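Below, each chain spelled out in residue letters.
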Amino acid sequence: MAVIGGTFQSLIDLYKGTDENGAAAEVIEALHTLNPLMQDAYTQECNLGTKHRSSIRTGLPSVAWGALYAGIPQSKSTVMQVEDTTGFVEGLSSVDTRLLDISPNPAATRMMEANSYLEAMSQEVQSSFFYSNSDLTPKKFHGLAARYAKLPTAAEPASNQVINAGGSGSDNTSIWMCTWGPMQTSLITPKGIPGGIQRQDKGEQRILDASGNPYYVKEELFTQHVGVVVRDWRYNVRIANIDVSDMQAGSVDLYKFLRKAYYKFEGRRNAGKKNGGMIQMGKPVIYCNRDVLEALDALATNRGSSDNFVRLTRMEVQGEEVLAYRGIPIRETDALLNTEAALT
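Residues numbered from 1 in each chain as written. Predicted model: local features only at pLDDT ≥ 70, side-chain atom pairs only at ≥ 80, totals over all residues. Heavy atoms only, no water.

Time to look at the overall build of the protein. Helix and strand counts for the protein come out as 9 helices and 14 strands. Per-residue burial over the protein gives 44% buried out of 344 residues. A fraction of 74% describes how many contacts in the protein between residues 6 or more apart in sequence connect residues 24 or more apart. Roughly 18,200 Å² of accessible area belongs to the protein as shown, and the carbon and sulfur atoms make up 51% of that amount. (Helix = DSSP H or I, 4+ residues; strand = E, 2+ residues; numbered from the N terminus. Buried < 20%, exposed > 50% of the residue type's maximum accessible area, 1.4 Å probe, protein only. Contact = heavy atoms within 4.5 Å. Areas by Shrake-Rupley, 256 points an atom, 1.4 Å probe, with all protein chains shown as cover.)

Structure, rendered in structure tokens:
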């Protein structure tokens with residue numbers, strides 16, 4: 001079984017041992033359980049406060065063969081600057097102090113209530129990572145689907161990374177191949193703000209019930225600041241327009257589209273490799289929902305003489321056994337919908 005080590009520090013590595021009472025690590029552990037993005041995501045601070053400015057190379061300099069006593073033609077690369085923004089999502093947990101007084105473990109009682117907020121925030125951040133559009137909802141950041149929103153067209157280079165699986169209507173889903181890394185795709189946080197969900201104990205607070213009568217609660221504030229940067233669009237691929245009903249009927253050749261995506265995916269060169277200090281190669285990951293994963297499993301099970309495709313395999317990533325396609329780990333996320341409109 002192949003093993004991929006922790007080339008990039010994850011959030012749990014960052015927080016491990018930093019909180020003597022274990023609160024920070026407990027929250028990040030829960031976040032890893034609830035949000036598969038956090039298991040692999042590379043996170044960096046913004047370089048402009050709550051914004052991050054990236055210089056993206058759009059053209060290489062020209063080079064020339066040399067000759068003795070001849071000059072060197074001057075040239076330069078061309079770049080464009082892109083600014084990505086962050087947003088924040090919050091939740092406030094309140095537990096009646098009288099309930100805590102009769103609880104045998106008040107801390108566990110508060111954490112049980114907090115888990116619902118962690119789950120809600122996790123779902124919101126995952127959904128926003130794939131689907132949010134800051135042009136339509138300025139409070140949010142710009143997600144992946146807004147960047148890979150059209151079928152291939154010469155006017156938009158990133159659209160070359162979108163593969164059409166042939167679906168129409170509004171019962172479609174997508175598979176994503178992503179590469180996490182400082183030069184590929186990363187989550188961003190405002191300068192000075194740690195990555196992940198921040199947990200603040202606000203202590204005992206006096207609040208009013210629906211009738212205007214006061215009582216006391218213990219409050220916890222959960223906040224996550226997050227955004228997304230895509231430095232190089234070639235390191236992500238979207239298989240779009242997967243018709244869900246056809247897929248579940250077994251009439252969509254998902255492995256054909258995975259193969260097409262694999263050879264468009266610049267991150268495939270990084271799978272299972274170490275960079276030796278030469279270039280920052282990133283960490284490739286595949287994201288799909290449970291229905292797609294089940295369909296892939298069904299296509300690879302009990303095949304006859306026509307079985308001529310690469311099956312999913314099992315591999316170990318940082319001590320966890322996961323399914324993989326051609327050495328790229330697959331993460332299951334319910335954030336990817338079965339109700340996407342068809343791309344054109």
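From this point on, the discussion continues.
The next point concerns the packing of aromatic side chains. Aromatic ring pairs: the centre-centre distance and the angle between the two ring planes describe each pair. A full pass over the atoms with the stated rule returns 9 aromatic pairs. Ring geometry for F130 against W176: centres 6.3 Å apart, planes inclined by 40°, an arrangement best described as tilted. Here the residue F130 occupies a position in helix α5 (residues 106-131), and W176 occupies one in strand β6 (residues 172-180), the gap between them amounting to 46 residues. Owing to a relative accessible area of 1%, W176 belongs among the buried residues under this scheme. By way of ring pairs, the aromatic residues F129, F130, Y131, Y148, W176, W180 and Y287 are connected into one cluster. Directly above the ring of Y262 sits R326, whose terminal nitrogen or CZ lies 5.1 Å from the centroid. (Phe/Tyr/Trp six-rings, centres within 6.5 Å; stacked < 30°, edge-to-face > 60°. Lys NZ or Arg CZ within 6 Å of the ring centre and 35° of its normal.)

On to unusual backbone geometry. Despite not being glycine, Y69 shows a phi value in the positive range, around 60°. By the element assignment, Y69 lies in the loop between β3 (51-59) and β4 (78-96). The class for Y69 is exposed, based on a relative accessible area of 89%. Look at R326: it is not a glycine, yet its phi comes out positive at around 50°. Within the fold, R326 resides in the loop between β13 (320-325) and β14 (328-332). Among the residues examined, R326 registers a relative accessible area of 27% and is labelled partly exposed.

Here the focus is the pairing of strand β10 (residues 237-243). Where burial is concerned, most of β10 is hidden: 7 out of the 7 residues are buried. Taken together, the 5 bridges between β6 and β10 define a ladder with antiparallel strand orientation. Each residue of the ladder has a partner; that of I175, found in β10, is I239. (Pairing = 2+ DSSP bridges.)

A word on helix α8 (residues 254-264). Within α8, burial applies to L254, Y255, F257, L258, A261 and Y262. Relative to the axis of α8, the buried residues are bounded by an arc of 155° and lie together on one face. (Arc of directions from axis to C-beta.)

It is worth spelling out the environment of L323 at this point. Inspection of the secondary structure assignment puts L323 in strand β13. Classification of L323 as partly exposed rests on a relative accessible area of 24%. Separated by 10 residues in sequence, L323 and T313 have C-alpha atoms that sit 5.6 Å apart. Sequence-distant contacts of L323, defined by excluding residues within four places in its chain, comprise L293, L312, T313, R314, I328, P329 and I330.

Between its terminal C-alpha atoms α5 stretches 38 Å, which fits the 38 Å expected from 26 residues at 1.5 Å a residue. Remark: the principal bend of α5, roughly 25°, maps to E113. Taken together, the buried positions of α5 are T109, R110, M111, A114, L118, M121, S122, V125, Q126, S128, F129 and F130. (Expected span 1.5 Å × (residues − 1). Bend = angle between axes of the 7 residues up to and from the residue.)

Ranked by size, the top nonpolar core spans 29 residues in total, and within it M177, L254 and Y325 carry the most contacts. For this core, the element with the highest residue contribution is α8, accounting for 6 residues. Among the nonpolar cores identified, the runner-up in size contains 26 residues, and F130, Y148, V162 and V285 belong to it. (Core = buried A, V, L, I, M, F, W, Y, C linked by side-chain atoms within 4.5 Å.)

Nothing here speaks to function; it is geometry throughout.
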